[in-house]
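Close look at the chain arrangement
In case you want the letters, here they are:
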Amino acid sequence: MKYVSTRGAMHPQLFQDVLLEGLAPDGGLAVPESLPVVSTGLLESWRSLTYPQLAAELLGYFVTDIESADLLKMTTAAYSPTLFRSESIVDVRELNQGMSLLAVSEGPTLAFKDIAMQFLGQVFPYVLKARGTTLNILGATSGDTGSAAEYAMRSKPGVAVFMLSPHGRMSSFQRAQMYSLMDDNIHNLAVRGVFDEAQDIVKALAGDLDFKQTYRLGAVNSINWARIAAQIVYYFWGWLRATSGPSQQVSFAVPSGNFGNILSGHIAKRMGLPIRRLVLATNENNVLEEFFRTGVYRPRLPAQTHATSSPSMDISRASNFERFVYDLLDGDAARVKSLWQQLAQEGQFDLSDHLTSFERDWGFVAGVSSHDNRLATIRRVFDETGMLIDPHTADGVKVAAQYVESGIPMLVLETALPAKFSETIEQALGRPAPRPPGLEDLESRPQRVVELPCDVASVRDYIKEHAKV
Ligand SMILES: *Cc1c(COP(=O)(O)O)cnc(C)c1O
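Presented here is an overview of the structure given in this document. Just so you know, these numbers come straight off a predicted model, no measurement behind them.

**What to know about helix H16 (residues 371–385)**
Here H16 is 15 residues long and its end C-alpha atoms lie 21 Å apart, about the 21 Å a rise of 1.5 Å per residue gives. Listed in full, the buried residues belonging to H16 are Arg-374, Leu-375, Thr-377, Ile-378 and Val-381. The buried residues of H16 occupy an angular sector of 165 degrees when projected down its axis, which confines them to one face. Of the exposed residues in H16, the ones pointing more than 90 degrees away from its buried face are Asp-372 and Asp-383. Buried residues belonging to H16 abut helix H17 (391–400) and helix H18 (422–429). Gly-386, located one to two residues past H16, shows a positive phi value of around 75 degrees.

This is the structure in structure tokens:
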């Protein structure tokens, strides 16, 4: 399988080449030249596979430049019960009112991003070793992505991680999760500024092509194709667990921010998985809900982005959305390019002439959930089922409830565990969320973090001194 750019000007490349790159050279995103279709018979034959086996089968379509035996070794190491709190890696748990949770947050950092990152933690060292090179991953985080990346890359050969975080602006749990890692190749850099300023430093350094090449800077952000590919697996897994025979339909509800998670569901549907609906849930930052309601895509400025109680969905711009628009326009890269030019100039574009196709052809519907909805949903689910859900998952449940159809299972993606966002649980229920076993003492563990002024030069100097060579 080869990959091309959504903006049309990239020579087709293999998986390993797009793995280590961020944006395509033309500013677009890498997408498969064409998608494999999984037949009904083949899908049925997968019912007995374990999660690592299913992952190796599916990733095999996208990773044609790595031997399948090696791929299975990697998925087995990534999806191991020693790392995930579930023997089966991902469980389906019945909620009520026709809904179930797809429990994708049982990994080391209690959020679904572990699933994709743990695969990166295997495939990066493999590819770097084969190519005799090293990589210094540079990123900025306000919480979930940074910790998932660090736990996936800790003590992996050939890789170092430099993760900027805004000093004093993460929860004590999130700080402790990242800063308690003592591995030599993990560098936590707390800059005295806000997240957007940290992100600007990353952009400045990654945009300095000399520096980027000399220090082999890389990224693991949500546009990384390997992350999207690894997430496709749990849509197939969820379907296999929620059905008992061929062609039965299932709907998925996805708490969304950068459009990475739900994009994987969209691709699973295009590969022939019988998905009825993809229900996109946003919080008060409703850029994506607005698009699916009106056809107008209108990203916000950082200053117009609300800080909410489902903070991992507080985005102003959905970085993976371009891949969906590419499909919507039937792979018309010239049109995608001109839309993103228009976006840069006018701040929005209008695809309302496609509005009727969103649900009919692609299965997409969308809804918004507010702070009050979140608290009420956490309370209601707890009262009715005894299950505790996190604020992001609550947004998914709230919106999913409007789209449940009889006879069609609705799987809501549990994108984080409640322990990670205990303040909001306390607000909803009057008591904090219980800690998963083994994490009771997290905040009292020793921490390792370097505080830096919020400027490009300080971070550049730190990387020069500590980069993997
Ligand atoms: C990252 C994240 C999301 C949003 O996922 P996208 O792929 O960016 O749409 C939702 N919930 C949680 C808990 C997350 O960490």
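**Focus: the site of the ligand**
Neighbouring the ligand are 15 residues; Lys-113, Asp-144, Gly-257, Asn-258 and Asn-261 lie closest to it. Interatomic distance of 2.7 Å between a backbone N/O atom of Gly-257 and an oxygen atom of the ligand. Contact with the protein chains removes 97% of the 380 Å² of surface that the ligand exposes when unbound.

**Brief notes about the nonpolar core**
Ranked by size, the top nonpolar core spans 110 residues in total, and within it Phe-62, Tyr-79, Val-123, Phe-236, Phe-259, Phe-321 and Phe-324 carry the most contacts. Per-element accounting of this core gives the leading share, 13 residues, to helix H10 (residues 225–242). Residues within four places of Phe-236 in sequence aside, it is in contact with Val-38, Leu-43, Trp-46, Leu-54, Leu-58, Ala-268, Met-271 and Leu-273. Judged by nonpolar contacts, the second largest core, of 23 residues, contains Ala-281, Met-387, Val-397 and Ile-425.

**With respect to helix H13 (residues 321–328)**
Among the eight residues of H13, eight are classified as buried, and the element is accordingly described as predominantly covered. Inspection of H13 places Phe-321, Glu-322, Arg-323, Phe-324, Val-325, Tyr-326, Asp-327 and Leu-328 among the buried residues, and these make up the whole buried set. One or two steps after H13, the chain reaches Asp-330, where phi turns positive at roughly 60 degrees.

**What about the packing of aromatic side chains?**
Per the stated rule, a full pass over the model turns up 27 aromatic pairs. Ring centres 6.2 Å apart and planes at 75 degrees place the aromatic pair Phe-162 and Tyr-462 in the edge-to-face group. Taken together, the positions of Phe-162 in strand E6 (residues 159–166) and Tyr-462 in helix H19 (residues 456–466) put the pair 300 residues apart, joining distant regions of the chain. Each member of the pair, Phe-162 together with Tyr-462, is buried.

**Looking at the sheet that holds strand E8 (residues 217–218)**
Taken together, the five strands give an open sheet; going across it, the order is E8-E5-E6-E7-E15, and neighbouring strands pair in parallel fashion. Pairing within the sheet leaves two strands with one partner each, and these edge strands are E8 and strand E15 (450–452). Note that strand E5 (residues 135–140) and E6 share six bridges and pair parallel. Considered in E6, the bridge of Gly-139 is made with Met-163. Helix H6 (residues 144–153) rests against E5, E6 and strand E7 (186–191) of the sheet, and its axis sits at about 160 degrees to E6.

**A few points about the sheet that holds strand E14 (residues 410–413)**
Whether parallel or antiparallel, the strands of a sheet pair through hydrogen bonds between backbone atoms. With respect to topology, six strands assemble into an open sheet ordered E3-E4-E14-E9-E10-E13, the strand pairing being mixed. Two strands bound the open sheet, and with one partner strand each, they are strand E3 (91–94) and strand E13 (364–368). Pairs of neighbouring strands in the sheet enclose a mean axial angle of 25 degrees, with direction left out of account. Summarising the sheet, E3 and strand E4 (residues 99–103) pair through four bridges and their orientation is antiparallel. In the sheet register, Asp-91 faces E4, and the bridge partner there is Ala-103.

**Remarks on the pattern of salt bridges**
Counted according to the given criterion, the structure contains 24 salt bridges. Here Glu-44 and Arg-47 are joined by a salt bridge, their closest N and O atoms 2.8 Å apart. Taking the relative accessible area as the measure of exposure, Glu-44 reaches 23% and is therefore partly exposed. Within this structure, Asp-91, Arg-93, Glu-106 and Glu-414 form a network of salt bridges that share partners.

**Here we look at the environment of Ser-172**
Here Ser-172 is to be found in helix H7 (residues 172–179). Look at Ser-172 and you get partly exposed, because its relative accessible area is 35%. Each C-alpha atom of the pair Ser-172 and Glu-443 lies 7.0 Å from the other, and the pair is 271 residues apart in sequence.

**Comments concerning the side chain of Asp-390**
Turning to its location among the elements, Asp-390 is positioned in the loop between H16 and H17. Buried charge without a partner: Asp-390 forms no salt bridge, and the closest opposite charge is Arg-374, 8.5 Å away. A polar contact of 2.5 Å, which involves the side chain of Asp-390, links it to the side chain of Thr-393. Once residues within four sequence positions are removed from consideration, Asp-390 is found in contact with Thr-415, Ala-416, Leu-417, Pro-418, Phe-421 and Ile-425.

**Some thoughts on unusual backbone geometry**
One non-glycine residue with positive phi stands out, namely Ile-89, at about 75 degrees. Residue Ser-155 is not a glycine yet carries a positive backbone phi of 55 degrees. Mapped onto the secondary structure, Ser-155 falls in the loop between H6 and E6. Judged by its relative accessible area of 55%, Ser-155 is exposed.

**Considering the pairing of E7**
In terms of residue burial, E7 counts as a mostly covered element, since six of its six residues are buried. Residues Ile-186, Asn-188 and Ala-190 line one face of E7 and the alternating positions His-187, Leu-189 and Val-191 line the opposite face, and both faces are buried. By the bridge criterion, six bridges tie E6 to E7 in an arrangement that is parallel. Within E7, the position partnered with Leu-164 by the bridge is Leu-189. Since E6 and E7 lie parallel, the crossover through H7 that links them has a hand, and here it is right-handed. As defined by bridge partners, E7 adjoins E15 across three bridges and the pair is classed as parallel.

What counts, and at which threshold
Residues numbered from 1 in each chain as written. Predicted model: local features only at pLDDT ≥ 70, side-chain atom pairs only at ≥ 80, totals over all residues. Heavy atoms only, no water. Helix = DSSP H or I, 4+ residues; strand = E, 2+ residues; numbered from the N terminus. Expected span 1.5 Å × (residues − 1). Buried < 20%, exposed > 50% of the residue type's maximum accessible area, 1.4 Å probe, protein only. Arc of directions from axis to C-beta. Contact = heavy atoms within 4.5 Å. Near = heavy atom within 4 Å. Polar contact = N/O pair within 3.5 Å; in protein donor to acceptor, adjacent residues only side chain to side chain. Areas by Shrake-Rupley, 256 points an atom, 1.4 Å probe, with all protein chains shown as cover. Core = buried A, V, L, I, M, F, W, Y, C linked by side-chain atoms within 4.5 Å. Phe/Tyr/Trp six-rings, centres within 6.5 Å; stacked < 30°, edge-to-face > 60°. Pairing = 2+ DSSP bridges. Axes fitted to C-alpha atoms, helices over the stretch in contact; angles between N-to-C directions. Salt bridge = Lys/Arg side-chain N within 4 Å of Asp/Glu carboxyl O. Lys, Arg positive; Asp, Glu negative; His and termini not counted. Right-handed = clockwise from strand over helix to strand, strands pointing away.

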